[in-house]
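Structural overview for review
Here is what each chain is made of, one letter per residue.
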Amino acid sequence: MAEFESIVILTGAGISAESGIDTFRDAGGLWERHRIEDVATPEGFARDPDLVLGFYDSRREALAKVEPNPAHRALARLEREFPGDLLLVTQNVDDLHKRAGSSEVLHMHGELLSALCTSCEMRTPFDATMSNRPPCPVCQAPTLRPDVVWFGEMPYQMDRIYAALGKCDLFVSIGTSGAVYPAAGFVQEARLAGAATLELNLEPSEGSHFFAESRHGPAGQLVPEWVEEVLAG
Ligand code: OAD
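As the structure is a computational prediction, the values presented were derived from the model and not from experiment.

Taken together, the 3 strands give an open sheet; going across it, the order is β5-β4-β6, and neighbouring strands pair in antiparallel fashion. In this open sheet, the two strands that pair with only one neighbour each are β5 (123-125) and β6 (144-148). Across the sheet, the axes of successive neighbouring strands diverge by a mean angle of 45°, strand direction being ignored. Pairing of strand β4 (residues 110-117) with β6, which is carried by 5 bridges, proceeds in the antiparallel orientation. Paired with glycine 110 across the two strands is valine 148, which belongs to β6.

Moving on to the environment of lysine 98. For lysine 98, the location among the structural elements is in helix α7 (residues 96-100). Given a relative accessible area of 37%, lysine 98 falls into the partly exposed group. Once residues within four sequence positions are removed from consideration, lysine 98 is found in contact with Val105, His107 and Glu111.

Moving on to helix α10 (residues 219-232). The first and last C-alpha atoms of α10 sit 19 Å apart over 14 residues, in line with the 20 Å expected at 1.5 Å per residue. Buried-residue contacts for α10 involve β1 (6-11), α1 (14-17), α6 (70-81), β7 (170-174), β8 (196-201) and β9 (213-216).

Within this structure, the stated rule accounts for 7 aromatic pairs. On the numbers, 4.9 Å between centres and 85° between planes, the contact of phenylalanine 55 with tyrosine 56 is edge-to-face. Taking the relative accessible area as the measure of exposure, tyrosine 56 reaches 3% and is therefore buried. Judged by centre distance (6.3 Å) and plane angle (45°), the ring pair of tyrosine 56 and tryptophan 150 falls under tilted. With tyrosine 56 in helix α5 (residues 49-63) and tryptophan 150 in the loop between β6 and α8 (158-166), this pair connects stretches of sequence that are 94 residues apart.

Moving on, we get to the site of the ligand. Around the ligand lies a shell of 24 residues, among which Ala13, Phe24, Arg25, Thr176 and Ser177 are the nearest. The backbone of alanine 13 places a nitrogen or oxygen atom 2.8 Å from an oxygen atom of the ligand. Between the ligand and the protein, one listed contact pairs an oxygen atom with a backbone N or O atom of glycine 175 at 3.4 Å. The protein chains hide 94% of the 790 Å² of surface that the ligand would expose on its own.

Quick look at the sheet that holds β7 now. Across the sheet, which stays open at both edges, the 6 strands sit in the order β3-β2-β1-β7-β8-β9 with parallel pairing between neighbours. Single-partner strands in this sheet number two, and they are β3 (106-107) and β9. Examined bridge by bridge, β1 and β7 share 5 bridges and lie parallel to one another. Its bridge partner being in β7, isoleucine 9 is matched across the sheet by valine 172.

Reading the values: rules and limits
Residues numbered from 1 in each chain as written. Predicted model: local features only at pLDDT ≥ 70, side-chain atom pairs only at ≥ 80, totals over all residues. Heavy atoms only, no water. Pairing = 2+ DSSP bridges. Helix = DSSP H or I, 4+ residues; strand = E, 2+ residues; numbered from the N terminus. Axes fitted to C-alpha atoms, helices over the stretch in contact; angles between N-to-C directions. Buried < 20%, exposed > 50% of the residue type's maximum accessible area, 1.4 Å probe, protein only. Contact = heavy atoms within 4.5 Å. Expected span 1.5 Å × (residues − 1). Phe/Tyr/Trp six-rings, centres within 6.5 Å; stacked < 30°, edge-to-face > 60°. Near = heavy atom within 4 Å. Polar contact = N/O pair within 3.5 Å; in protein donor to acceptor, adjacent residues only side chain to side chain. Areas by Shrake-Rupley, 256 points an atom, 1.4 Å probe, with all protein chains shown as cover.

Any functional reading would require information beyond the geometric quantities listed.
Following this line, the structure appears as structure tokens:
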């Protein structure tokens, strides 16, 4: 019998770092090379759509060259073997959780491999180039944008996330700096619900002090170890 019955897991860029995807705020990270207001806001997109579409095209190309790592695979194993409720929420727009075998992943910041049509508002799977303005597969208008959440936009499925946080008995945050709300506030929501809280991160994050326990090291090592512990009960 496992010690926990309902677990919510939040992942961030750090879980994909060992696969070779750049994080945002580490040295050499994406936000050192690109300005958030240029490539990750609706205003930046309105000002220079070519720049924004090109930025996400190159991130999509980079994604095609990488593979899931042991941390993604361990969470897929947890989904298969944990007998209780599990909600895996990711801030990442990559598809590495799914490729590792997690069948249910809540992408609160959207997905690189999805397109959102600004004319008909339909979402469609997308793995090609967007800067050449392909037609929307539904309405044919050449008005696709990346289906990612930009600063100033509402993350997806917040009601479902808060409902799960309100009844979980363990919240685990993996590879995220705790710099961006609302995700950075999930630990406090979980604490209000009386849940145990655990951070697995390379180094103490900005919100480390909110967690009852923090373990520091690479996700590829810490996550498989933790999954082993949970499944051992
Ligand atoms: P950040 O780049 O802010 O933080 C990555 C975290 O991962 C840092 O705390 C690192 O110490 C840690 N890290 C790096 N390598 C690691 C490893 N091998 N194992 C474990 N941890 C490691 O990325 P996020 O917290 O995901 O949003 O960023 C949150 C949001 O900010 C993103 O979803 C994105 C960004 O702006 C939007 O674009 C809306």
